[in-house]
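Here is what each chain is made of, one letter per residue.
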Amino acid sequence: MSLFKARDWWSSSVGQEEEFDQGCLCVANIDNSATGHDKIILGSYMGFLRVYAPNPSNPGEAMNPEEQLVEVHLRDPIIQVEAGKFVSGTENLHLAVLQPRKLSVYTVSGTTGTVDHGNQYQLRLIYEHNLQRTACNMAYGPFGGVKGRDFICIQSMDGMLVFFEQESYAFGRFLPGFLLPGPLCYIARTDTFITVSSSRYIESYKYQTLAVATDADTRQESEHQKLVSGKKLAADWMLSIGELALDINVLSNPVAASVFVLGERNFFCIKENGQMCFMKKLEYNPSCFLPYASVCEGTSNSLIGNHNNMLLVYQDVTLQWAAQLPHVPVAIRVANFQDLKGVVVTLSSDGHLQCSYLGTDPSFFQAPKVESREINYDELDAEMKSLHKIIKEASKTQDVLPLTEKEDDLTVAIHIAPNMDAISQAVSTEVEGVEVPSITVKVKIKTRLVVQNPKVAVSVQPPLAVTQDLFIIDSMGPGSVSTVTFGVFLKNSYPPAELGGAVAVSYSTPTGIPRVSQCNFSLPLRLVCIPASPLKNANYKVTIDTNKLPVNLLEIFPDFVEAFEEEQVNALGLQLIAGSRVTLLASKTSQRYRIQSEAFEDLWLIIQEFSTRFEKHFAKQGARDFRCSFAGPIPLQEYFEKIDRHFELRLNSEKYQDLLSERAVQFRAIQRRLLTRFKDKTPAPLQNLDTLMDGTYRQVIALADAAEENRAALCQEFTRLRSATHLIILLIKLWQNLNQDQTVILEATLLPLLQDTPQLGWEESVDAAVTHLLRTCLSKSPKDQALNLTSHLTMPRDTSKLKKHITLLCDRIGKGGRLTLSAEGNAQTPIVLPGGCAPIMEEGVTELELRGVYTNKRQHSK
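Rules behind the numbers
Residues numbered from 1 in each chain as written. Predicted model: local features only at pLDDT ≥ 70, side-chain atom pairs only at ≥ 80, totals over all residues. Heavy atoms only, no water. Helix = DSSP H or I, 4+ residues; strand = E, 2+ residues; numbered from the N terminus. Polar contact = N/O pair within 3.5 Å; in protein donor to acceptor, adjacent residues only side chain to side chain. Contact = heavy atoms within 4.5 Å. Patch = residues over 30% accessible without salt bridge, like charges linked within 9 Å, V, L, I, M, F, W, Y side chains within 5 Å. Areas by Shrake-Rupley, 256 points an atom, 1.4 Å probe, with all protein chains shown as cover. Salt bridge = Lys/Arg side-chain N within 4 Å of Asp/Glu carboxyl O. Buried < 20%, exposed > 50% of the residue type's maximum accessible area, 1.4 Å probe, protein only. Pairing = 2+ DSSP bridges. Axes fitted to C-alpha atoms, helices over the stretch in contact; angles between N-to-C directions. 1 Å grid on protein atoms, 1.4 Å probe; cavity = no way out; pocket = protein on both sides within 12 Å on 5 of 7 lines; lining within 4 Å. Points joined across faces, edges and corners; volume = space filled by probe spheres on them.

Looking at the side chain of glutamine 575
Turning to step 1, where the next piece is worked out: You can see glutamine 575 is positioned in strand S41 (residues 571-576).
Turning to step 2, where the next piece is worked out: At a separation of 3.0 Å, a polar atom in the side chain of glutamine 575 contacts the main-chain carbonyl oxygen of glycine 579.
Turning to step 3, where the next piece is worked out: There is a polar contact of 3.2 Å between the side chain of glutamine 575 and the side chain of arginine 581.
Turning to step 4, where the next piece is worked out: Apart from the residues lying within four places of it in its own chain, the contact partners of glutamine 575 are Val528, Cys529, Ile530, Ala532, Ser580 and Arg581.

This is the structure we're talking about:
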């Protein structure tokens, strides 16, 4: 809110359900009274004409019935009202009322009443002109330098200026290059008309030029006569402002005249010869304005109203005053009344009429005196120590978001059904001949306080889908519980990269503060996997070591027990519904397990489930020191094949876009040629243009289908790349025994995007993140840290640099590099685990000895 507020001197609500605009307000001594006090004339789009004479006994008092002098209904909408010398033989002010098809001139006269009846005012019609074209606005003044009389110029909706010399019609002219009407004003000093065209130019036309130009009743006749006789109408000067104008006003003095134009985003002041005087960029949406003379020589003042209910006073381009209004003004005038001069009259679009003055009310508030008391320094020291302790504890946490309260206003609990649904809720019941199951998820929402308009949003990563992703719940009271249920299933024919989802509940507190509560959930492996017989051989194998005795796989995977055979208790086969078959093998003599599959990325879900279930199994037995490890090497070559395949599809997508653009340009060019031939009055042969257009159309359709197929394949391959990346991160974690913080940094580096877009792809994002790690926490010298990354990411030409950086990342992690968010964490530990960055080799499931190689940092750099 503004520091200052416009003080209400007199106000009134005009009519009911009526609309007003900037031309509906006029201030003048319309009854030609001897006192010279102004009256307020209002016209509405409902056809009502009203005249007010404000005279409150106390500022801010309600309107007296005597203050409304006239109220007449003229049927048709009133576009604009103006006061001027419109009647011949007299210099008294008369009222001109512009309606869509009529211009009427009235006189307002008052009769002194007797006894208690008060004064009586009458509105009498002097003359009227019926218009042939629908009017938009009008301007008036002493056209041609006439003395003691005002003529009227009306601009129609089709761009014709119609001139009336009081009771008689003068002439009409069409504006050149007209499209839409703009504001119009008249400069008496230079005898010119100023308007803003739809091409966003300020145009100036001399009255003498308009008078001697060719006369025409229609636009077609005007264009024809310009070719044969008469003078062509041309603007005296033009100035581009680059935006549409809301209003134009003129401020004249004996020396010069200035044209003020209020645009949509700027405020312009222009000299009478078309030169720019100044321009002010507005940081708000203006609604109306009014320039007026300034007491300082060489400057001008302006009142500007905006859509923030503000009235701003400018001296040239400097803001001098800001006042708050109770409404958005659409018209502003300055009037002189009986008890007050310089009253600001504002009108809103819904008929709120207010007369106000600028000022402030004095504040009589005084701060109460504070009782003096003696200072107890011991208590202050104890309080200071306790505050220091609180600050020290709070500074230990590096959380960006504030910690939540112990008891939240709204709690979300998710319950996942233990078994698959008896009747699947999947859209497609079968994928590659395998029945697609679904599982039911129940969300329970409990509130402690009043919760308004709660909405539950569910999100899962494709190819998983839900039966309903948005729930709208009625407002909930304290202690109430609401439950929503939805089903999750596999929608597309490829395995997901993550078996999880999120539920977000957005709501508002009773005070209107928006809040969001979020809860994540994990889905069972059985949703995307079914039991199958194990395979003896596979292309891709990963061996996981543990520090505990071998465990029977029957105990770890009881939900897949139906595929076990008695003689194969150490082997387990799992068939991904939309993927390949994965086999788990347990060694009979060592603490090692092998996971093998025909697809590299399909190993991820099974290894993740394997690690999670083993940790839960040994945690139930009370073993807290259980740990899985991976002896290496990291299978980067298999991972790079997935990167190359994804990048190839991205290149194909760009090629399809370029070909589509070329064919579309060709198709439009053929269409233009054919259209020209068809419009030609003289028939000409098509020269096989129709055949060419048909062939181009078929090419466009074929390219669009191919681009759509490539997009679907790219989405599928991105999910596979995410699965392979998850697998690499897990293997690096087990290989180097990374803690949780280092794993989070590695995930943020290699998985920066949830979705691939043409503007920002996975390759450039990961390359920038990996390069940042190599130059900060994994750097070898301060010289590497001094290098800066480019701020603009673009699609690379190939993936060679990315693969080189990922290989270097794994190599430095393998040599003891520590992942941190600061560059000081590049001190590498001297222990190096066996293995390296090479493709995984097939080996027997036997126990390997871990060998520690001790080196120093200087040998690392060599």
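Picking up where we left off.
Quick look at the environment of proline 534
Turning to step 1, where the next piece is worked out: Summarising the element assignment, proline 534 is placed in the loop between strand S39 (529-532) and strand S40 (540-546).
Turning to step 2, where the next piece is worked out: With 40 residues separating them along the chain, proline 534 and leucine 574 place their C-alpha atoms 7.3 Å apart.

Here we look at a nonpolar patch on the surface
Turning to step 1, where the next piece is worked out: Together, Ile375, Tyr377 and Leu380 line one region of the surface with nonpolar side chains, adding up to about 340 Å² of accessible area.
Turning to step 2, where the next piece is worked out: Within the element layout of this structure, leucine 380 appears in helix H3 (residues 377-396).
Turning to step 3, where the next piece is worked out: According to the relative accessible area criterion, leucine 380 is partly exposed, its value standing at 41%.

Some points on the sheet that holds strand S6 (residues 80-84)
Turning to step 1, where the next piece is worked out: Overall, antiparallel pairing links the 4 strands, which are arranged S6-S7-S8-S9 in an open sheet. Strand pairing shows two members of the sheet lacking a second neighbour, S6 and strand S9 (120-130), which therefore form its edges. In this sheet, adjacent strand axes meet at a mean angle of 25° when their direction is disregarded.
Turning to step 2, where the next piece is worked out: Of the strand pairs in this sheet, S6 and strand S7 (residues 94-99) are connected by 5 bridges, and their pairing is antiparallel.

Things to note about empty space enclosed by the protein
Remark: the empty space left among the atoms is shown by a probe the size of a water molecule rolled over them.
Turning to step 1, where the next piece is worked out: Enumeration according to the criterion identifies 6 cavities of 30 Å³ or more in this entry.
Turning to step 2, where the next piece is worked out: Lining the largest cavity are 13 residues; nearest its centre among them are Leu175, Phe178, Leu180, Ser197 and Glu203.

Some details on unusual backbone geometry
Across the chain, the bulk of peptide bonds are trans and the bulk of non-glycine residues have phi less than zero.
Turning to step 1, where the next piece is worked out: In this structure, proline 463 follows proline 462 across a cis peptide bond, with omega equal to 15°.
Turning to step 2, where the next piece is worked out: Even without being glycine, arginine 200 reaches a positive phi, approximately 65°.
Turning to step 3, where the next piece is worked out: Along the polypeptide, arginine 200 turns up in the loop between strand S15 (192-196) and strand S16 (201-206).
Turning to step 4, where the next piece is worked out: You can call arginine 200 partly exposed: its relative accessible area is 38%.
Turning to step 5, where the next piece is worked out: Backbone geometry places asparagine 309, a non-glycine residue, at a positive phi of 60°.
Turning to step 6, where the next piece is worked out: Relative to the helices and strands, asparagine 309 is located in the loop between strand S23 (300-306) and strand S24 (310-315).

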